[in-house]
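Observations on chain architecture
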Amino acid sequence: MTITMYGITNCDTIKKARVWLESRDVPYRFHDYRAEGIEGERLNGWVGKVGWEKLLNKGSTTFRELPGEEKGALDEKKAKKLMLAKPTMIKRPVLEVGERILVGFKPEAYEEVVGGK
């Protein structure tokens with residue numbers, strides 16, 4: 001089973017999720033949005049599975065700093081355009097476990113889906 005974690009390295013929630021995985025010897029690949037960006041096809045797949053509302057982090061500094069007109073009247077198309085342009089607006093972490101997607105870090109959800117030693 002291939003596991004990929006998406007996020008940014010300096011995020012506290014990413015750090016907690018990485019510690020959780022590593023303490024259980026769960027192998028994973030880390031994809032840093034700042035260094036690698038995000039592909040439109042992948043984002044579309046995530047939106048199809050969990051919805052744009054769950055993925056768009058309205059509490060992020062990047063989102064809060066947007067001009068009001070960019071934040072207003074959000075719909076799927078506009079949200080995806082924002083997340084592609086500035087992937088730091090995507091809630092973190094996004095964990096791909098095979099075909100499953102986990103958004104955010106909840107140890108009980110990780111335990112259920114990933115397990116570990």
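Only a predicted model underlies this, so the values are computations on that prediction, with no experimental measurement involved. (Residues numbered from 1 in each chain as written. Predicted model: local features only at pLDDT ≥ 70, side-chain atom pairs only at ≥ 80, totals over all residues. Heavy atoms only, no water.)

1. Describing helix 3 (residues 40-50)
Residues spaced three or four apart along an α-helix point in a common direction, a consequence of the helix completing one turn every 3.6 residues. Every buried residue of helix 3 is accounted for by Leu 43, Trp 46 and Val 47. Along the long axis of helix 3, the arc covered by the buried residues comes to 100°, so they all point the same way. Among the exposed residues of helix 3, those pointing more than 90 degrees away from its buried face are Glu 41 and Gly 48. Looking at the buried positions of helix 3, the neighbouring elements they touch are strand 1 (3-7), helix 2 (33-36), helix 4 (52-55), helix 7 (76-85), strand 3 (94-97) and strand 4 (100-103). Taken from the residues just after helix 3, Gly 51 is the one with a positive phi, measuring 90°. (Buried < 20%, exposed > 50% of the residue type's maximum accessible area, 1.4 Å probe, protein only. Helix = DSSP H or I, 4+ residues; strand = E, 2+ residues; numbered from the N terminus. Arc of directions from axis to C-beta. Contact = heavy atoms within 4.5 Å.)

2. Section: unusual backbone geometry
Across the junction of Arg 92 and Pro 93, the peptide omega takes the value -15°, indicating a cis bond. Assignment of secondary structure puts Pro 93 in the loop between helix 7 and strand 3.

3. Let's talk about the layout of surface pockets
Quantified by volume, the largest pocket comes out at close to 170 Å³. For the lining of the largest pocket, the element with the highest residue contribution is helix 3, accounting for 5 residues. Residue composition of the lining of the largest pocket, grouped by class: 2 nonpolar, 2 polar and 6 charged. (1 Å grid on protein atoms, 1.4 Å probe; cavity = no way out; pocket = protein on both sides within 12 Å on 5 of 7 lines; lining within 4 Å. Points joined across faces, edges and corners; volume = space filled by probe spheres on them. Nonpolar A, V, L, I, M, F, W, Y, C, P; charged D, E, K, R; others polar.)

4. A few points about the sheet that holds strand 2 (residues 29-32)
Pairing in this open sheet of 4 strands is mixed, and the strands run 2-1-3-4 from one edge to the other. Each edge of the sheet is formed by a strand with only one pairing partner; in this case those strands are strand 2 and strand 4. Neighbour-to-neighbour, the strand axes of this sheet turn through a mean angle of 20°, independent of strand direction. Inspection of the sheet shows strand 1 paired to strand 3 by 4 bridges, in the antiparallel sense. Paired with Thr 4 across the two strands is Glu 96, which belongs to strand 3. (Pairing = 2+ DSSP bridges. Axes fitted to C-alpha atoms, helices over the stretch in contact; angles between N-to-C directions.)

5. A few points about the pairing of strand 2
Across a regular strand the side chains alternate sides, sitting on one face of the sheet and then on the other. Bridge count between strand 1 and strand 2: 4 bridges; the pairing is parallel. Across the sheet, Thr 4 pairs through a bridge with Arg 29, a residue of strand 2. Running through helix 1 (residues 12-23), the crossover from strand 1 to the neighbouring parallel element strand 2 is right-handed. (Right-handed = clockwise from strand over helix to strand, strands pointing away.)

6. Observations concerning the packing of aromatic side chains
Inspection of the entire model under this criterion finds 4 aromatic pairs. Where Trp 20 meets Tyr 110, the ring centres are 5.6 Å apart and the plane angle is 85°; that geometry is what we call edge-to-face. Note that Trp 20 is positioned in helix 1 and Tyr 110 in helix 8 (residues 107-113), a separation of 90 residues in sequence. Each residue in the set Tyr 6, Tyr 33 and Trp 46 is aromatic and connected to the rest through ring pairs, giving one cluster. Seen from the ring of Phe 30, Arg 18 lies directly overhead, with NZ or CZ sitting 4.2 Å from the centre. (Phe/Tyr/Trp six-rings, centres within 6.5 Å; stacked < 30°, edge-to-face > 60°. Lys NZ or Arg CZ within 6 Å of the ring centre and 35° of its normal.)

7. What about the packing of helix 3 against helix 7?
For the pair helix 3 and helix 7, the least separation of the axes is 11 Å and the interaxial angle reads 135°. The orientation of helix 3 with respect to helix 7, classified from their angle, is oblique. Seen from above, helix 3 lies across helix 7 with right-handed handedness. Within the contact between the two elements, helix 3 uses Gly 40, Leu 43, Asn 44 and Val 47 and helix 7 uses Glu 76, Lys 80, Met 83 and Leu 84. Across the contact of helix 3 with helix 7, the residue classes tally to 4 nonpolar, 2 polar and 2 charged. (Parallel < 35°, antiparallel > 145°, perpendicular 65-115°, else oblique. Left-handed = near helix turned anticlockwise from the far one by under 90°.)

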